[in-house]
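Examination of the molecular architecture
Listed below, chain by chain, are the residues.
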Amino acid sequence: MAKLSLFERRRRRVRTALRNRAGGRPRLSVHRTGKHIYAQVIDDAAGKTLAAASTLGAASSGANVAAAAQVGRDIAAAAKQAGVTTVVFDRGGFLFHGRVKALADAAREGGLEF
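First, a word on scope: everything that follows refers to the structure included in this document. For clarity, every value in this text was computed on a predicted model and none was experimentally measured. (Residues numbered from 1 in each chain as written. Predicted model: local features only at pLDDT ≥ 70, side-chain atom pairs only at ≥ 80, totals over all residues. Heavy atoms only, no water.)

Considering the overall build of the protein
For the protein, the count of helices and strands is three helices and four strands. Sequence-ordered secondary structure for the protein, helices as α and strands as β, is α-β-β-β-α-β-α. Projecting the C-alpha coordinates of the protein onto the three principal axes gives extents of approximately 45 × 30 × 20 Å. Within the protein, the fraction of its 114 residues that count as buried is 37%. The long-range share in the protein, meaning contacts at least 24 apart out of those at least 6 apart in sequence, stands at 61%. When the accessible surface of the protein is split by element, carbon and sulfur atoms take 51% of a total near 6600 Å². The average position of the 20 basic charges and that of the 8 acidic charges among the side chains of the protein differ by 8 Å. (Helix = DSSP H or I, 4+ residues; strand = E, 2+ residues; numbered from the N terminus. Buried < 20%, exposed > 50% of the residue type's maximum accessible area, 1.4 Å probe, protein only. Contact = heavy atoms within 4.5 Å. Areas by Shrake-Rupley, 256 points an atom, 1.4 Å probe, with all protein chains shown as cover. Lys, Arg positive; Asp, Glu negative; His and termini not counted. Charge placed at Lys NZ, Arg CZ, Asp CG, Glu CD.)

Describing the nonpolar core
One finds Leu28, Val41, Ile75, Phe89, Leu103 and Leu112 to be the most contacted residues of the largest nonpolar core, which totals 22 residues. Elements that contribute at least two residues to this core include exactly strand S1 (27–32), strand S2 (37–43), strand S3 (48–54), helix H2 (65–81) and helix H3 (99–109). The contact partners of Leu112, leaving out residues within four places of it in the chain, are Leu28, Ala76, Ala79, Val84, Thr85, Val87 and Ala107. (Core = buried A, V, L, I, M, F, W, Y, C linked by side-chain atoms within 4.5 Å.)

Brief notes about H3
Considered for burial, the residues of H3 that qualify are Arg99, Val100, Ala102, Leu103, Ala104, Ala106 and Ala107. Positive backbone phi, approximately 120 degrees, marks Gly111, located one or two places after H3.

Re the packing of aromatic side chains
With the rule as written, the count across this model stands at three aromatic pairs. For the ring pair Phe7 and Phe94, a centre distance of 5.1 Å and an interplane angle of 65 degrees mean the geometry is edge-to-face. Of the two residues, Phe7 sits in helix H1 (residues 6–21) while Phe94 sits in the loop between strand S4 (88–90) and H3, which places them 87 residues apart along the sequence. On the basis of relative accessibility, which here comes to 32%, the residue Phe7 falls in the partly exposed class. The exposure class assigned to Phe94 is buried, which follows from its relative accessible area of 8%. Ring geometry for Phe89 against Phe96: centres 5.9 Å apart, planes inclined by 85 degrees, an arrangement best described as edge-to-face. Judged by relative accessible area, which is 13%, Phe89 ranks as buried. (Phe/Tyr/Trp six-rings, centres within 6.5 Å; stacked < 30°, edge-to-face > 60°.)

Below, the structure is given as structure tokens:
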């Protein structure tokens, strides 16, 4: 069996801890690439995505903190519209720093609790 990358080990560790603490709450999952950032609110029990936001259709570049903060505000608004107020934050294997932190802070300001 091949060794897992550090990123994959971190992602599995975070996901396992979330499963233990979720308590039936939806998961706010974040994915970051070099050009864009994506966020989804996922109901794991039903296997459905409740809300999603990204920088794909945005006018600004997705490779900066300001665009990530806008995605955070957008996902908070979409989640509220779907009737979700509390979530667990799934950063995946990404460090809680920079764009990921900006997205989380903006989502909290938008009304999501985690």
